[in-house]
Every structure is written in C-alpha cells, then in structure tokens.
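So the chains spell out like this:
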Amino acid sequence: MRLSNKVAIITGAGRGIGQAAALRFAREGARVAVCDRDKAGVSDTVALIQEQGGEAAGFDLDVTDKAGVERMVDSVVVRWNRIDALVNNAGVVMDAQLKDMSEEQFDRVIAINLKGSYNMARAVVPVMLRQGSGAIINTASIAGVYGNFGQTNYAASKAGVIGMALTWARELGRKGIRCNAVAPGLIETPITASIPEKVMDAMKQKIPLGRPGKPEEIAAVYVFLASEEASYVNGAVIEVSGGMTL
C-alpha cells in the first residue's frame, strides 16, 4: 500500500471528491482525518472507511474557523503524532454574472475556497516542518486557470489556491514539504447533479473523452501526489479534465 503508516487530513470529505479521496487514502494504508461541516457526511465517510478495514477520525470542521482548524490539527497530532498529507478539498460554488454577483456571494466563496485553504496549510505546516516532510495538495479547477462564465468568485478563489501552492512549493520544498495543485474539469458530484441536462450535454461535447470524470479519478491523483511515487513532483498544477480545455 502506497500510504502505509501515513496520516492524512482531507477537508470536504463528507461527500463527492473528498469522500472518494478519504476512502482511497484509507485503502492505501493512510490513517485519515475526515473533515467537513456536514456532520452526517463525516459520520458516513468514517463508517465506510472502518467497514473496509481502515482507520479514521471524524471532525465537524468549518475551514473558515481558524481556531477550530487549529484545534483539529492539535487533535490529529495527539492521536497519531504526525501529519503527512493535507488535501485542501473543501469548496463551495455560488455562481452569478459579475453584474449580478452580491458581495456576500463573493466573500463567502473566497472565505471557504481560498482563505480556508490558507487556514489549513498554516496550521499543518509547523507539524510538517518538525517532521521534515509532508505533502500539501490544493484542489483548484480549470476555472482557476482559464476562467469561466458566471464564476468570478470561484475562478478567483481557484486561481488563488494555485498561486498559494506554487508559492509554498518554493518556500517549503527545501524543508521536505511538497506542494501541488490539482485542477479538475467536469466531475460527477452532488454539485454538478443540479446542472440542467441540456447544459450538461453541451459540456460533455467539449470533452474529448466524451464524459464527465468520476470523483475516484481525482482521488487517484491525490493519492499519487501524497505518495513517494511523486517525490520529485513539486509546484505542479495537474489538470484532470478529460482534455476539456484542448
């Protein structure tokens, strides 16, 4: 197993990509801190991990709550004595064209997607520095690279997490901490389930593979980046979109 004896914190792990990642990390031998604002989702993910023979602890966590984030990190260290990987997966979408976007919509997306990722990394880095090792994976989006209609706030937040990952890669690489970003395209999640069928069909036509991705396909890239197989991957932005942006 590629992540045997490693400890991983995964945010937004109550459903969708985060849940798929938590399950995959556990199958690869990691002990997983399952974090989400959705208490029921946290419980479900922890139960699924335990059913497959893995080890997990659940945390009801709002990544915008700096003090709460710090308490969670302290609890993980007390429980498992280290943190080897952080997957900054928690995110939210509140779409509107610029002319219609409210300040609340903008601020909320930035607070969760961008500031939340900062809060998490800021809390785990001292632990990783003491260890002399670690991997931080920021969940970006192709919207953060290319922009997207009606997503001023989301695109800005995802461009921001890419910028932070590249900066951390420069700052922390010499300390043994690798930092990378993953930029998914259209993925089948509870969020995309609400997209109208006509819109979904139009989006599929832009993908050379002809289909949306699955959460497990993103989780596989997270596992790679957290593993020793990616020991020389630092400061990368890996697009996982089926070729949507070609």
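Quick notes on the rules
Residues numbered from 1 in each chain as written. Predicted model: local features only at pLDDT ≥ 70, side-chain atom pairs only at ≥ 80, totals over all residues. Heavy atoms only, no water. Helix = DSSP H or I, 4+ residues; strand = E, 2+ residues; numbered from the N terminus. Rg over C-alpha atoms; globule rule 2.2 N^0.38 Å. Buried < 20%, exposed > 50% of the residue type's maximum accessible area, 1.4 Å probe, protein only. Contact = heavy atoms within 4.5 Å. Axes fitted to C-alpha atoms, helices over the stretch in contact; angles between N-to-C directions. Parallel < 35°, antiparallel > 145°, perpendicular 65-115°, else oblique. Left-handed = near helix turned anticlockwise from the far one by under 90°. Expected span 1.5 Å × (residues − 1). Salt bridge = Lys/Arg side-chain N within 4 Å of Asp/Glu carboxyl O. Patch = residues over 30% accessible without salt bridge, like charges linked within 9 Å, V, L, I, M, F, W, Y side chains within 5 Å. Areas by Shrake-Rupley, 256 points an atom, 1.4 Å probe, with all protein chains shown as cover.

Participant: Any chance you could explain the overall build of the protein chain here in plain terms?
Facilitator: Scanning the protein chain from terminus to terminus reveals eight helices and seven strands. At 17 Å, the protein chain has a C-alpha radius of gyration in line with the 18 Å of a compact globule built from 246 residues. With the C-alpha coordinates aligned to their principal axes, the bounding extent of the protein chain is approximately 50 × 35 × 35 Å. Across the 246 residues of the protein chain, 52% fall into the buried class. Of the contacts formed within the protein chain by residues at least 6 apart in sequence, a portion of 72% connects residues at least 24 apart.

Participant: Looking at this model, I keep getting lost on the packing of helix H1 (residues 16-27) against helix H8 (residues 215-226). Mind explaining?
Facilitator: The relative placement of two packed helices comes down to the angle between their axes together with the axis-to-axis distance. Close contact between H1 and H8 brings their axes to 8 Å; oriented N to C, the two are set at 50°. Of the possible angle classes, the one that applies to H1 and H8 is oblique. Judged by the twist between their axes, the crossing of H1 over H8 is right-handed. Note on element contacts: H8 touches H1 through Pro215, Glu216, Ile218, Ala219, Ala220, Tyr222, Val223 and Ala226, opposite Gly16, Ile17, Ala20, Ala21, Arg24 and Phe25.

Participant: I would appreciate a short explanation of H1 in the present structure.
Facilitator: For H1, which comprises twelve residues, the first-to-last C-alpha distance of 17 Å matches the rise-based estimate of 16 Å (1.5 Å per residue) to within 8%. Glycine 29 sits one or two positions beyond H1 and adopts a positive phi of about 105°.

Participant: I tried to follow the environment of threonine 45 on my own but got confused; where do I start?
Facilitator: Within the element layout of this structure, threonine 45 appears in helix H2 (residues 39-51). Classification of threonine 45 by relative accessible area gives buried; the value is 0%. Taking the C-alpha atoms as reference points, threonine 45 and arginine 15, 30 residues apart in sequence, are found 7.6 Å from one another. Setting aside residues no more than four positions away along its own chain, threonine 45 makes contact with Ala13, Gly14, Gln19, Ala22, Leu23 and Val34.

Participant: Where do I start with unusual backbone geometry in this structure?
Facilitator: With phi around 70°, asparagine 5 is a residue other than glycine that occupies positive phi space. With respect to the helices and strands, asparagine 5 occurs in the segment before strand S1 (7-11). Overall, the relative accessible area of 60% leaves asparagine 5 in the exposed class.

Participant: Looking at this structure, how should I read the pattern of salt bridges?
Facilitator: Pairing is possible between side chains that carry opposite charge, provided their charged atoms lie close to one another. Tallying each qualifying case throughout the model produces ten salt bridges. Where glutamate 28 meets arginine 2, a salt bridge forms, and the shortest distance between an N and an O atom there is 3.7 Å. Here the residue glutamate 28 occupies a position in the loop between H1 and strand S2 (31-36), and arginine 2 occupies one in the segment before S1, the gap between them amounting to 26 residues. A salt bridge links aspartate 65 to arginine 71; the nearest nitrogen and oxygen atoms lie 3.9 Å apart. The class of aspartate 65 is partly exposed, set by a relative accessible area of 34%.

Participant: Sorry if this is basic, but what is going on with a nonpolar patch on the surface here?
Facilitator: Taken together, the side chains of Val145, Tyr146, Leu166 and Val237 present a nonpolar region at the surface, about 340 Å² in accessible area. Checked against the element boundaries, tyrosine 146 lands in helix H5 (residues 142-146).

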